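Chain by chain, the residues run as shown.
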Protein chains: 2
Amino acid sequence: MSKIKKDNTEERILDAAQSVFIQKGMDGTRMQEIADTAGINKALLHYYFRTKQKLFEAIFKKIFSGAFPSIKDFLLSDTPIEEKLEVFIERYIDLLLKNPFLPIFILKEINRDPDFMIMTLKSGGVNPSEILDIFEEEMHKGNLRKMEVREILINTIGLCIFPFAAKPLLLNLFFENDKNAYKQFLVNRKTTVKDFVLNSILIK
Amino acid sequence: MSKIKKDNTEERILDAAQSVFIQKGMDGTRMQEIADTAGINKALLHYYFRTKQKLFEAIFKKIFSGAFPSIKDFLLSDTPIEEKLEVFIERYIDLLLKNPFLPIFILKEINRDPDFMIMTLKSGGVNPSEILDIFEEEMHKGNLRKMEVREILINTIGLCIFPFAAKPLLLNLFFENDKNAYKQFLVNRKTTVKDFVLNSILIK
DNA sequence: GTCTATATGGCGATAGAC
DNA sequence: GTCTATCGCCATATAGAC
C-alpha cells in the first residue's frame with residue numbers, strides 16, 4: 001500500500017499543535033500560532049477541538065502513545081544486565097534525539113498539572129516496577145552492588161534527559177555554542193552514559 | 001546588630017514576586033497573584049518596577065546573586081578530589097533542598113529566553129572552566145579514569161537536579177505519593193550521588 | 001506612596017455568512 | 001468545512017484622586 005500524504009485538516013492541526021505545544025508548553029502556546037503553523041485560521045481549531053485544553057490533551061496523548069515503543073519484551077528477556085541497560089539507554093537517547101523537546105516539555109507539564117500528566121502516563125502503560133524487579137534480582141544474584149534500586153533507574157533516566165532539558169545552557173557554557181559539537185556529545189552519550197552507569201553499579 | 005524586619009514595600013514585592021515566579025515561571029505568573037501575595041495592589045507593582053518583564057529580571061538576578069555562594073575557594077584548595085566532589089554535591093543538594101523549585105524554574109526560563117538567562121548567569125560569575133581544570137589535572141595524575149571531563153560535571157549536576165525537576169512524577173511513580181519518603185530520598189542523595197559518581201570516575 | 005478606576009491590547013471562543 | 005468578524009474576558013499597564 002503506497003503511503004498517501006494525508007492532508008486532511010484534522011491531521012494538519014494535530015501536527016501543528018504538537019510542534020508548537022512541545023516547544024512552548026501549554027502556557028506559552030497561542031492558538032493563533034498553531035493556526036498559522038497549520039495554514040488555517042483560529043476558528044477551525046475550535047471547530048475541531050472546541051477548547052485549547054482539549055487540543056492540548058489530544059496532543060499529549062498522541063505524543064505518549066507514539067513516544068514509548070515497548071521495550072519490555074527485551075528487558076524481560078534472558079540477556080545479561082549490561083546488555084539490557086545498554087539497549088535501554090540507546091533506545092532512550094535515540095528517542096530523545098528524534099524528539100529533543102520532549103524532556104523539557106514533560107518536566108514543565110508535570111510540574112504545571114501533575115494529576116493529568118500522571119494519569120495520562122499511567123494509562124499509557126508507564127510503570128517502572130517490572131524494571132525495578134530486574135535490578136532487584138540481579139542485585140540478589142550478586143551482580144550489582146547493594147543500593148536502592150530506584151536510584152539506578154532514576155539516575156539513568158536523569159542522565160539521559162538532563163543534557164536535552166538543559167541544552168541552551170550547556171551548549172553555551174560547555175560548548176561555546178558549537179551546535180555540531182553538542183550534537184556529537186549527545187550522540188556519544190549512548191555510550192558514555194552506559195559506561196558511567198555500569199561503572200557505578202557493577203561489582204568489580 | 002539585631003535583625004530588623006524590613007517591611008518596606010519594595011522588599012515585600014521582591015519576596016512575593018520571587019515566590020510566585022519561581023513556582024509558576026514567567027508565562028504562568030499573574031501580576032495580580034504577586035500583588036495578593038505581597039498584600040498590595042497591582043498598580044504598586046508597576047509603580048516600583050514599570051513592567052512585568054523588568055520585575056522578572058530583577059527577581060532572576062536576585063535569585064542568582066544569592067543562590068550560588070562561592071565554593072571556588074574550597075574547590076581550588078589542596079584537598080583530595082573525593083572530598084571536593086563530596087562537598088560540592090552536599091552543598092548543591094542542600095541549596096536545592098532549600099530552593100526546591102529552582103531547577104524546574106531555571107530549566108524553563110533557560111529554554112524560554114536563553115540569551116537573557118545565560119547573560120545573567122555569566123555576569124553572576126557562573127563559569128565551569130576552573131572546575132573542569134581540576135578534573136583535568138586529577139585525570140592527568142591518574143586518579144580518574146580517562147573520560148571527557150565535561151561529562152563528569154554535567155552528570156553530577158544532572159544527578160543533583162533531576163529528582164527536584166521531576167519531583168511530581170517520581171513522587172508518584174516511585175514513592176506512591178509518600179512525601180516523607182521522597183524527602184528522605186532527596187536528603188540521602190547527598191551520599192548516594194557522591195557514591196554513584198565516585199564509583200564511576202575513580203580508578204579502582 | 002498607595003489606592004481605585006480605567007484604558008489598552010491580546011487571547012480564547014463564538015456567530016454567522018458562504 | 002472554512003472563512004471573517006466580533007464578543008467577552010483577563011492581563012498588563014496607566015491615569016488620577018488622595
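Refer to the structure presented above.
Parameters at a glance
Residues numbered from 1 in each chain as written. Chains lettered and ligands numbered in written order. Predicted model: local features only at pLDDT ≥ 70, side-chain atom pairs only at ≥ 80, totals over all residues. Heavy atoms only, no water. Phe/Tyr/Trp six-rings, centres within 6.5 Å; stacked < 30°, edge-to-face > 60°. Helix = DSSP H or I, 4+ residues; strand = E, 2+ residues; numbered from the N terminus. Buried < 20%, exposed > 50% of the residue type's maximum accessible area, 1.4 Å probe, protein only. Lys NZ or Arg CZ within 6 Å of the ring centre and 35° of its normal. Contact = heavy atoms within 4.5 Å. Buried area = accessible area lost by both parts, 1.4 Å probe. Polar contact = N/O pair within 3.5 Å; in protein donor to acceptor, adjacent residues only side chain to side chain. Lys, Arg positive; Asp, Glu negative; His and termini not counted. Salt bridge = Lys/Arg side-chain N within 4 Å of Asp/Glu carboxyl O. Core = buried A, V, L, I, M, F, W, Y, C linked by side-chain atoms within 4.5 Å.

S.K.: Can you lay out the packing of aromatic side chains for me, pointing to particular residues and giving the numbers?
M.R.: All names here are of chain A. Evaluated as defined, the whole model comprises 23 aromatic pairs over all chains. Between Phe88 and Tyr92, the aromatic rings sit 5.6 Å apart at their centres with planes inclined by 45°, giving tilted as the arrangement. Here the residue Phe88 and the residue Tyr92 both occupy positions in helix α6 (residues 81-98), the gap between them amounting to four residues, near one helical turn. Across the pair, Tyr92 and Phe88 agree in class, each one buried. Here the guanidinium or amino end of Arg91 rests over the ring plane of Phe74, the centre of that ring lying 5.9 Å away. Cation over ring: Arg112 sits above Phe56, and NZ or CZ is 5.5 Å from the ring centre.

S.K.: An account of the interface of chain B and chain A is needed here, citing residue identities and associated values.
M.R.: The interface is formed by 45 residues belonging to chain B together with 45 residues belonging to chain A. When chain B packs against chain A, close to 4300 Å² is buried across both sides, 74% of that on carbon and sulfur atoms. Interface area lost by chain B to chain A is led by Ile154, Phe174 and Phe196 of chain B, which between them contribute 17%. Where chain B packs against chain A, one counts ten residue pairs in polar contact (both at pLDDT 80 or more). For the side of chain B that touches chain A, the secondary-structure elements that each account for two or more residues are α1 (9-28), α7 (102-112), α8 (114-123), α10 (149-165), α11 (167-175) and α12 (179-201) of chain B. A per-element tally of the side of chain B that touches chain A places α10 of chain B first, with eleven residues.

S.K.: Talk me through the side chain of Lys84 of chain B; I want residue IDs and the actual numbers.
M.R.: Residue and element names in this part refer to chain B. You can see Lys84 is positioned in helix α6 (residues 81-98). No salt bridge is formed by the buried Lys84; its nearest oppositely charged neighbour, Glu138, is found at 5.1 Å. There is a polar contact of 3.0 Å between the side chain of Lys84 and the backbone oxygen of Leu75. Filtering out sequence-adjacent residues up to four positions away, Lys84 remains in contact with Phe74, Leu75, Ser77, Thr79 and Ile134.

S.K.: Give me the lowdown on the nonpolar core, citing residues and values where you can.
M.R.: Counting residues in each nonpolar core, the largest one holds 151 residues, and the members touching the most others are Phe135 of chain A together with Phe135 of chain B. If near-sequence neighbours (up to four positions away) are discounted, Phe135 of chain B is found in contact with Ile81, Leu85, Leu144, Val149, Ile152 and Leu153 of chain B.

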